[in-house]
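# Overview (structure and organization)
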Amino acid sequence: YLYDSVKEVFVQEGKVEQARFSSDDNKTLRPEEQEIVNRALARARRIFNKKPNLNQAYRISAATLLAVHGEEDALQYLNKLTETNDLFTQLTGVASLYQAGKEIPTEILRLGLQSDDRSIRVFAAALSGVTGYRDDTSVLNQLLNDRAAEYSAPAAVALARLGNREIIPKHLSQDFALLDF
C-alpha cells in the first residue's frame, strides 16, 4: 500500500504473550550435538589431509570448516589459494577466508572485477556484495546493464547488499521491458 492511501490502521486486540528468546539458554551444545560436531570435524580433517590432488573443491570446503574451528594449517592453505596464479582459485580462496571470518585481500576482488573473463567478474561481483567491497561499484553498474540475467542479476544483488537503492527503478524498468503486453 502507498503511504498516502492509508487512512487508518487498526491494531488487533487480544495479543498472546510469547516467551522471550534468551541466547544464554542455548550457548553450549548438548553432548550428543557436540559428538556430531566432533565427527564432522574429524571427517573434514581426513578430507583435508588426503592427497592434495584428489578433489580440490572438497579440500577447500574442509579447510574452510577447519579454519572456522581455528586450525592454523587449514588457514594457511586458504591463504595460499589467494596467492596462486589462477584468478578463479584466488577468488575461491577469498570466499573461503570470508566464510571462516578472516581478513580478505581486497586486491583480488579488484582484479576479479577488472578481469576480461565475464564469469570471473560475476564471481567477484557476488563476493563484493557479500564482503562489503565498495571500491569498484562502477564495474557492478556495468554488469547490471548486461542483458543476460546470469551477469546482471549477481551485480544487482551485490549493489543491493552494498546499500545502493538507485538501482531499483532501473531494475524494475528492465523487468517490465521483458514482459510482453
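Keep in mind that this is a model prediction, so the values were computed, not measured. (Residues numbered from 1 in each chain as written. Predicted model: local features only at pLDDT ≥ 70, side-chain atom pairs only at ≥ 80, totals over all residues. Heavy atoms only, no water.)

Now for the overall build of the protein chain. Counting its regular elements, the protein chain contains nine helices and zero strands. Counted from the first residue to the last, the protein chain has its helices and strands arranged as α-α-α-α-α-α-α-α-α. Taken over 181 residues, the protein chain has a buried fraction of 33%. Contacts spanning at least 24 positions in sequence make up 41% of the contacts within the protein chain whose residues lie at least 6 apart. Summed over all atoms, the accessible surface of the protein chain reaches about 13200 Å², with 52% contributed by carbon and sulfur. (Helix = DSSP H or I, 4+ residues; strand = E, 2+ residues; numbered from the N terminus. Buried < 20%, exposed > 50% of the residue type's maximum accessible area, 1.4 Å probe, protein only. Contact = heavy atoms within 4.5 Å. Areas by Shrake-Rupley, 256 points an atom, 1.4 Å probe, with all protein chains shown as cover.)

Bringing the environment of glycine 93 into the picture now. Position of glycine 93 relative to the elements: it lies in helix 4 (residues 87-99). Residues glycine 93 and leucine 78, spaced 15 residues apart in sequence, show a C-alpha to C-alpha distance of 5.4 Å.

A separate point is the packing of aromatic side chains. Per the stated rule, a full pass over the model turns up two aromatic pairs. Pairing phenylalanine 48 with tyrosine 77 gives two aromatic rings, centres 5.5 Å apart and planes at 75 degrees, and the pair type is edge-to-face. Of the two residues, phenylalanine 48 sits in helix 1 (residues 31-49) while tyrosine 77 sits in helix 3 (residues 72-81), which places them 29 residues apart along the sequence. Accessibility assignment for this pair places phenylalanine 48 and tyrosine 77 in one class, buried. (Phe/Tyr/Trp six-rings, centres within 6.5 Å; stacked < 30°, edge-to-face > 60°.)

Quick look at the pattern of salt bridges now. Inspection of every chain in the model, using the stated rule, returns six salt bridges. Across the pair arginine 30 and glutamate 32 runs a salt bridge whose closest N-O atoms are separated by 2.9 Å. Look at arginine 30 and you get partly exposed, because its relative accessible area is 48%. For the salt bridge of arginine 110 with glutamate 107, the shortest nitrogen-to-oxygen distance reads 2.2 Å. A residue pair is termed a helical-turn pair when its members lie 3 or 4 positions apart in one helix, as arginine 110 and glutamate 107 do in helix 5 (residues 106-113) at three residues. Residues joined in a network through salt bridges with shared partners are Arg30, Glu32 and Glu33. (Salt bridge = Lys/Arg side-chain N within 4 Å of Asp/Glu carboxyl O.)

Time to look at the side chain of threonine 131. For threonine 131, the location among the structural elements is in helix 6 (residues 118-131). A polar atom in the side chain of threonine 131 sits 2.7 Å from the backbone oxygen of leucine 127. What threonine 131 contacts, discounting residues up to four positions off in sequence, is Tyr98, Ile104 and Leu109. (Polar contact = N/O pair within 3.5 Å; in protein donor to acceptor, adjacent residues only side chain to side chain.)

Within the largest apolar cluster, 41 residues are counted, with the highest numbers of intra-cluster contacts made by Phe48, Tyr77, Leu78, Leu91, Leu109, Leu113 and Leu140. Taken together, the elements giving at least two residues each to this core come down to helix 1, helix 2 (56-68), helix 3, helix 4, helix 5, helix 6, helix 7 (137-144) and helix 8 (149-161). Setting aside its immediate chain neighbours within four residues, leucine 78 contacts Ile60, Ala63, Thr64, Ala67, Gly93, Ser96 and Leu97. (Core = buried A, V, L, I, M, F, W, Y, C linked by side-chain atoms within 4.5 Å.)

This part takes up the environment of leucine 109. Take leucine 109: it is sitting in helix 5. Sequence spacing of leucine 109 and leucine 91 is 18 residues, and the spatial spacing of their C-alpha atoms is 7.1 Å. Leaving out residues up to four positions away in the same chain, leucine 109 has contacts with Leu91, Val94, Ile104, Ala124, Leu127, Ser128, Thr131 and Tyr133.

Right, let's get into the confidence of the model for the protein chain. Low pLDDT means the predicted atomic positions in that stretch should not be read closely. On average, residues of the protein chain score 84 in pLDDT, and 81% of them are at 70 or above. When pLDDT is averaged over each helix and strand of the protein chain, the minimum, 59, is found for helix 9 (residues 167-178) and the maximum, 96, for helix 4. (pLDDT = per-residue confidence, 0-100.)

For the rest of this paragraph, the subject is the environment of serine 138. Topologically, serine 138 is positioned in helix 7. Separated by 25 residues in sequence, serine 138 and leucine 113 place their C-alpha atoms 9.7 Å apart.

With 14 residues, helix 6 should reach 20 Å at 1.5 Å per residue; the first-to-last C-alpha distance of 20 Å fits that figure. If you check which residues of helix 6 are buried, you get Ile120, Arg121, Val122, Ala124, Ala125, Leu127, Ser128, Gly129 and Thr131. Considering only its buried residues, helix 6 is in contact with helix 4, helix 5, helix 7 and helix 8. Where helix 6 terminates, the next one or two residues include glycine 132, which has phi positive at roughly 85 degrees. (Expected span 1.5 Å × (residues − 1).)

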